[in-house]
Amino acid sequence: MNDSLAILVVDDDPLLLDLMVETLNTIGYRADGVLSGKEALEYLEDNDVQLLITDIKMPEMDGIELSQQIKNLYPRLPLIFISAAFTPAVLQRIEGEPFLTKPFRISQVEALIKNSLEPVSDTKSAKPADSILVVDDDDGFRIMLMENLRISGYKVCGVSDARKALERLKRGGINAVITDFKMPGMDGLSLSRYIRQQWPDLPVILVTAYINIDENPEVQFNDADGYLMKPFKIDSITGLLEMIKREKTKSR
């Protein structure tokens, strides 16, 4: 089905643009590219596009400004952001949208394209993706984990401390929380206990590089549904999320 999918790539770097377009065409998509947001809007007026991939940092109109115009003009057009640096401020501006950090593997692009298109390919039967809140004061780790969870098919948002996490939870729409243990202010364990009191059915996973529960049995993480030691593979946390989800479903 790749040959029926038309993709528009937007990037002001002509070398990267050509490489991306050529790669997508090689693996079976119908890809074309433009060098600016203005050209992208002009292209969309005359061409049928099923997916747009845009760089964020561009002159005149950046990728986020472009996405805002596209949402008004083409609200059902899926979009993927690419950038060399996803800072917390940028992630806040693109909350809820899929993204990839340069450089990336083509397998990551393919997985993200598939996940981005699933909700619109069959809106009646497609299951809504779980929304995960990642809480970690280490910006680099939080961004990396969010990116990998998004590639794995989850909706993701992130905050840097427990106070911001609680503010986000009050707005609703979160299916699970992944929180670091050691954070300034309220630590991850205290956050887990508070969540258990306020939202008893909301799963919480603690991650830490400092405490190994097997070696420190006196530390009790009873208020969390699971824990992982840093570093861990992404399939470890996605597997734990799915296991907790199944257990929660059985207990209802």
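Quick note: structure is the one above.
The structure presented is a predicted model; accordingly, all values stated were derived computationally and were not measured.

Parameters at a glance
- Residues numbered from 1 in each chain as written.
- Predicted model: local features only at pLDDT ≥ 70, side-chain atom pairs only at ≥ 80, totals over all residues.
- Heavy atoms only, no water.
- Helix = DSSP H or I, 4+ residues; strand = E, 2+ residues; numbered from the N terminus.
- Buried < 20%, exposed > 50% of the residue type's maximum accessible area, 1.4 Å probe, protein only.
- Contact = heavy atoms within 4.5 Å.
- Areas by Shrake-Rupley, 256 points an atom, 1.4 Å probe, with all protein chains shown as cover.
- Axes fitted to C-alpha atoms, helices over the stretch in contact; angles between N-to-C directions.
- Parallel < 35°, antiparallel > 145°, perpendicular 65-115°, else oblique.
- Left-handed = near helix turned anticlockwise from the far one by under 90°.
- Nonpolar A, V, L, I, M, F, W, Y, C, P; charged D, E, K, R; others polar.
- Pairing = 2+ DSSP bridges.
- Salt bridge = Lys/Arg side-chain N within 4 Å of Asp/Glu carboxyl O.

Points about the overall build of the protein chain
Part 1 of the reasoning: Check the secondary structure of the protein chain and you find nine helices and 10 strands.
Part 2 of the reasoning: Buried positions account for 47% of the 252 residues belonging to the protein chain.
Part 3 of the reasoning: Nonlocal contacts in the protein chain, meaning residues at least 24 apart in sequence, comprise 64% of its contacts between residues at least 6 apart.
Part 4 of the reasoning: Surface summary for the protein chain: the accessible area is close to 13500 Å², and the carbon and sulfur share equals 50%.

Regarding the packing of helix α2 (residues 37–46) against helix α3 (residues 63–73)
Part 1 of the reasoning: Relative orientation of the contacting elements α2 and α3 amounts to 20 degrees, with a least axis distance of 10 Å. As summarised for this structure, α2 and α3 are arranged roughly parallel, according to the angle between their axes. Helix-helix and strand crossings are classified by hand; for α2 and α3 the assignment is right-handed. Packed against α2, whose contacting residues are Gly37, Ala40, Leu41 and Leu44, the element α3 presents Leu66, Gln69, Ile70 and Leu73 at the interface.
Part 2 of the reasoning: Classifying every residue of the contact of α2 with α3 by side-chain character gives six nonpolar, two polar and no charged.

Topic: the sheet that holds strand β1 (residues 6–10)
Part 1 of the reasoning: Taking strand neighbours across the sheet as the criterion, the five strands line up as β2-β1-β3-β4-β5 in an open arrangement whose pairing is parallel. Unpaired on one side and paired on the other, β2 (30–34) and β5 (99–101) mark the two borders of the sheet. Strand-to-strand twist of the sheet, defined as the mean angle between neighbouring strand axes without regard to direction, takes the value 20 degrees.
Part 2 of the reasoning: Pairing of strand β3 (residues 51–55) with strand β4 (residues 79–83), which is carried by four bridges, proceeds in the parallel orientation. Bridged to aspartate 55 within β4 is isoleucine 82.
Part 3 of the reasoning: Packed on one face of the sheet, α2 meets β1, β2 and β3 and runs near 160 degrees to β1.

A short note on the sheet that holds strand β6 (residues 131–135)
Part 1 of the reasoning: With parallel pairing, the five strands of this open sheet are ordered in space as β7-β6-β8-β9-β10. Single-partner strands in this sheet number two, and they are β7 (155–159) and β10 (226–229). Mean inter-strand twist for the sheet, computed between neighbouring axes without regard to direction, equals 20 degrees.
Part 2 of the reasoning: In this structure, strand β9 (residues 204–208) lies alongside β10, joined through four bridges in parallel fashion. Bridging across to β10, valine 207 finds its partner in leucine 228.
Part 3 of the reasoning: Packed on one face of the sheet, helix α7 (residues 162–170) meets β6, β7 and β8 (176–180) and runs near 160 degrees to β6.

Considerations on the pattern of salt bridges
Part 1 of the reasoning: Summed over all chains, the structure comprises four salt bridges.
Part 2 of the reasoning: Here glutamate 42 makes a salt bridge to lysine 38, at a shortest N to O gap of 2.7 Å. Remark: lysine 38 and glutamate 42 occur in helix α2; sequence separation between them is four residues, near one turn of the helix.
Part 3 of the reasoning: For the salt bridge of aspartate 225 with arginine 196, the shortest nitrogen-to-oxygen distance reads 3.4 Å. Of the two residues, aspartate 225 sits in the loop between β9 and β10 while arginine 196 sits in helix α8 (residues 188–198), which places them 29 residues apart along the sequence.
Part 4 of the reasoning: With a relative accessible area of 25%, aspartate 225 lands in the partly exposed category.
Part 5 of the reasoning: The partly exposed category is assigned to arginine 196, whose relative accessible area is 26%.

Describing unusual backbone geometry
Part 1 of the reasoning: The backbone of glutamate 60 sits at a positive phi, close to 65 degrees, despite the residue not being glycine.
Part 2 of the reasoning: With respect to the secondary-structure elements, glutamate 60 resides in the loop between β3 and α3.

Honestly, it's all geometry; don't read function into it.
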